[in-house]
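Architecture at a glance
Letter by letter, the chains look like this.
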Amino acid sequence: MVRPHIWIGVLALLVISGCRKDKDGAAPSISILSPDQGTVFSIPDTIVVRFTVSDDRTVESTVVQLIDANGVSIAPSINTSVGGPGGTIVNELIINSERILSGQYEIMVRASDGTNDSRAFRTIQIQGTPLRLRSIFVAPPPTTATATIQRIDSTGQLSDWTTVQDLNGAAIDGYSQHVMLAGSQFAPFQALPTDTWSYAWSYLPPANDAPEQFTALVVDPYDGRTYFATRNGFIRGFTGEGAQRFTAQTLTGYRCYAVTVLGDRIATWQRAIAQPEQRVVTYTVSGTILDILPVEQDLVELFQWSNTSAHLFANEFGHGKVIDIYIATGGAQEIRVFQDEEIRAVARMDPSTFYIALQDRIVAYDHSTNTVVQLITGVMASAMAYEPATGALLVAQGNDLLTIDPRTGALMTSISTGAPIGSILPLRNR
């Protein structure tokens, strides 16, 4: 005889089992109809993406993205609510950013039924816009007084662009379209937009009791981040949009004056505040100190050479010097000395080619062969920048901005800004 309470338990299990839905284990099906595999698009353009999607139950939504080789979206994605068994969907991906480089990309279509996701891919080719010079910004040398930043547009017209309370450095980020300005005593660090889609962001100085609240400002050419140091000993790295990605501290009693990225480590130039001592200090990407190398020379510029070494352009006892610093092994080698000529400025054209401004001349230096070719004489440069879009060498001499052909040394143009130039900032379309 079966007891009544056992029958009640069995009936309860049957009721629960009958009410439970079958588990949805099937993802939606996607078929991309267009564009065809390998289709070439040129910026600006609109990519019409046509696809079918279906599910044995209900397709809730679809997402269409354009992604690069790292799976990073490079254009605004398109989300579509479906709420049915599926059908044919047509979306338009607009590609108009000049930051997109020529190359192979993938259209990714993702569909969800609320429980399961599926993806389909279609490879396309994109022809990016050519690199071009949009404008040139010029900033005065560091000052605790009011500083005016000027802009030279694509037609060569000069105008005042902005004024800051004081200034201790300037840099340019073509990818995020910002002019980066570091204050000296009172002014903050500011990322000022140069395009309608970029936006301003800033970082306050740690204090305002003395100059050099900000130092070592640079937009690194290898990772694209903006690095600067502050008077209280911090070194920070940000994306062009203002997201902080790196934090480290200087050696106790030191201040940082240069930053360069060496692969998986960050190299800095630090000088003691109270003593005539200098160090090259490297950090992991998480901000932990790796190496500390004493150096005797006075810094002009520090450039990446490899993941474990750097090029140092410096002065010592009235002589300009090119020094290779081997971070991993803790050594350094003088490979070129300019007797009785101090280095005033340096601009890099490619990994091996540099332009060096000496006392009253500019030379082209090839590091791979350790050779020097005289470019132009009679020029006392205070700042230089190589501009790859036009292939020109931009040189500041006093109040004048000179454009020099680096192949021949010929002076192409000269623009008087009416004020001393400390930084030349060419802004390109990316």
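Residues numbered from 1 in each chain as written. Predicted model: local features only at pLDDT ≥ 70, side-chain atom pairs only at ≥ 80, totals over all residues. Heavy atoms only, no water.

Overall, the prediction assigns the protein a mean pLDDT of 93, with 94% of residues at 70 or greater. Low pLDDT (under 50) marks residues 4-21, which in the prediction has one contact with non-local residues, meaning those over four places away or in another chain. (pLDDT = per-residue confidence, 0-100. Contact = heavy atoms within 4.5 Å.)

A word on the pattern of salt bridges. Applying the stated criterion across every chain, the model contains eleven salt bridges. In this structure, the salt-bridge partner of E98 is R132, at a minimum N-O distance of 2.9 Å. Taken together, the positions of E98 in the loop between β4 (78-95) and β5 (103-112) and R132 in the loop between β6 (117-127) and β7 (133-139) put the pair 34 residues apart, joining distant regions of the chain. Between E241 and R99 there is a salt bridge, with its nearest N and O atoms 3.6 Å apart. With E241 in the loop between β16 (234-238) and β17 (244-249) and R99 in the loop between β4 and β5, this pair connects stretches of sequence that are 142 residues apart. Since its relative accessible area comes to 32%, E241 is described here as partly exposed. (Salt bridge = Lys/Arg side-chain N within 4 Å of Asp/Glu carboxyl O. Helix = DSSP H or I, 4+ residues; strand = E, 2+ residues; numbered from the N terminus. Buried < 20%, exposed > 50% of the residue type's maximum accessible area, 1.4 Å probe, protein only.)

Among the five residues that make up strand β15 (residues 226-230), five are buried, leaving the element largely enclosed by the rest of the structure. Pairing of strand β14 (residues 214-219) with β15 involves four bridges; the strand directions are antiparallel. Directly across from V219, in β15, lies its bridge partner T226. Remark: six residues form the turn of the hairpin made by β14 and β15, two consecutive strands paired antiparallel; G224 in that turn has positive phi of roughly 75°. By the bridge criterion, four bridges tie β15 to β16 in an arrangement that is antiparallel. Residue pairing in the sheet places F228 in a bridge with R236 of β16. If you look at the hairpin formed by β15 and β16, you'll find three residues sitting between the two strands, and G233 has a positive phi there, around 100°. (Pairing = 2+ DSSP bridges.)

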